[in-house]
Amino acid sequence: MTEPLLPVNQAVVSIAPDKLLGFQQQVSGIEDLTFLTFGEPGFDTPAVVKEATITAINNNRSHYGNSQGEPAVRKAILDYMKDRYNLDYPSIDNVVVTVGVTEAMQAIFKTLLAKGEGLLIPEPAYGSYFASLSLADGVAVPIDTAKNKFKLTPALVDEALAQVTVPVRAILLNYPNNPTGVTYSKEELGELAACFKKHQIWVISDEIYSELTYGRDHYSIGKLLPEQTLVVNGLSKSHAMTGYRFGFILGPASVMQYIQKVHGSLTYSVPTFIEDGAEAALQMTRAELDYMKESYQDRRDFAKQALEDLGFDVVDPEGAFYLFAKIPADFGTDGWTFAEKLAAEGKVAVIPGVAFSHFKEANAYIRISYATAQDQLEIGFAKLRDYIEKVRANR
């Protein structure tokens, strides 16, 4: 007689479903649906990157690599971050190469947080953070940034820490932010850095959208608080390399050695041919990539104006490639229902704002990605306009 299977780990069972992925799956069977949901760049990977990857495969770069990252690609990361953001790390020992930002977060959470310790998470925030935190047995301590036009302030941090009931070890700062597009000036970051230093908490700075800022340059908080900051970045968004799964962490060598322990147990290493392609990407100049950023800015301006013309209240998008928009007042305050009806009747998929926040303010919002190709964006917004006008006309 076959013995019954043992139940799976209850910690995994109890992880809340990702609402972004859940909504995407819910509407995926609808015919003729235009997706304005995922942050998937509407560009092909640059030719120089593809050529370097192909050459690496042809040269049999398909064996185990250095677990922390090939020395050449870690040196390229140091040079890239110095050139782009004036971040100056002394050694390749300050770098761990990861399988995208998602694995980087897993490695960091498991390194910094003991069971039951807290992580401050300004919301709205990318939903994947919460699953990774649960797997690390950490406790989310959400901060509602809607109180301040979706920007974190020292006062909000102080308030959260005054009310928290668990020991807090770190804060997760994502900017430019997914889903709002909000980012921070050097002066704003200076005030936040002083606050984090006062409270002696680690800063986990997810800067994956750092190359996609509009009207201002990105400034890394790692420059202001290097001894307390782990900077996380990658090439998925800046170089249209989502499928390459190439990310990296930079921080004090004293903690990177422990992050490397966790990373090594999770994935061992990123494939060497991927690292060779990434090295080529990191050596590209900003001028070689401007065509993407300029196109995203054009798409942002087009999409923001179209939404405002229809009565949406749009959070000022200073970076990334998302619009976080409050649905028109005559459509109520239930963004989930709005998104469901828009998909079913208007044939456009967007993500409900509640997928990014536990706070009620997000219920009235939706997130729209303008990363997709221009023709698809125009089709999606034409459908959105037709749906809004049809509903209003039939009242």
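Reading guide: rules and limits
- Residues numbered from 1 in each chain as written.
- Predicted model: local features only at pLDDT ≥ 70, side-chain atom pairs only at ≥ 80, totals over all residues.
- Heavy atoms only, no water.
- UniProt positions renumbered as here; feature names shortened; annotations may be inferred.
- Helix = DSSP H or I, 4+ residues; strand = E, 2+ residues; numbered from the N terminus.
- Buried < 20%, exposed > 50% of the residue type's maximum accessible area, 1.4 Å probe, protein only.
- Pairing = 2+ DSSP bridges.
- 1 Å grid on protein atoms, 1.4 Å probe; cavity = no way out; pocket = protein on both sides within 12 Å on 5 of 7 lines; lining within 4 Å.
- Points joined across faces, edges and corners; volume = space filled by probe spheres on them.
- Nonpolar A, V, L, I, M, F, W, Y, C, P; charged D, E, K, R; others polar.

The protein is annotated in an unreviewed UniProt entry as Aminotransferase class I/II-fold pyridoxal phosphate-dependent enzyme from Fructobacillus americanaquae. According to the UniProt record, the Sequence similarities (unreviewed entry) comment for the protein is "Belongs to the class-I pyridoxal-phosphate-dependent aminotransferase family." The record in UniProt for the protein states the following under Cofactor (unreviewed entry): "pyridoxal 5'-phosphate".

Undergrad: Break down the UniProt feature "domain: Aminotransferase class I/classII large" (unreviewed entry) in the protein for me, with residues and values.
TA: As recorded in UniProt, the sites labelled "domain: Aminotransferase class I/classII large" (unreviewed entry) are residues 35–378. As a span, residues 35–378 carries 40% helix and 16% strand, and end to end its C-alpha atoms are 12 Å apart.

Undergrad: Before we move on, can you summarise the pairing of strand S13 (residues 365–369) with the specific residues and values?
TA: Of all five residues in S13, five are buried, a share of seventy percent or more. The alternating pattern of S13 places Tyr-365, Arg-367 and Ser-369 and Ile-366 and Ile-368 on opposite faces, both of which are buried. In this sheet, S13 lies alongside strand S10 (residues 322–326) in antiparallel orientation, the contact comprising five bridges. By the bridge assignment for S13, Phe-324 is matched with Arg-367. Pairing between strand S12 (residues 351–352) and S13: two bridges, direction antiparallel. The partner of Ile-351 across the bridge, within S13, is Arg-367.

Undergrad: So what's going on with the layout of surface pockets? Residues and values would help.
TA: Taken as a whole, the largest pocket holds about 570 Å³ of empty space. The wall of the largest pocket is formed by 26 residues, among which Thr-102, Tyr-126, Tyr-209, Lys-237 and Arg-245 lie closest to the centre. Every element with two or more residues in the lining of the largest pocket is listed here: helix H2 (19–27), helix H5 (100–112) and helix H6 (128–135). Here the lining of the largest pocket gets four residues from one element, more than from any other, and that element is H5. For the lining of the largest pocket, a count of residues per class yields eleven nonpolar, nine polar and six charged. The space that makes up the second largest pocket amounts to roughly 380 Å³. Forming the boundary of the second largest pocket are 21 residues, of which Ala-16, Pro-17, Gly-127, Phe-130 and His-358 lie nearest the centre.

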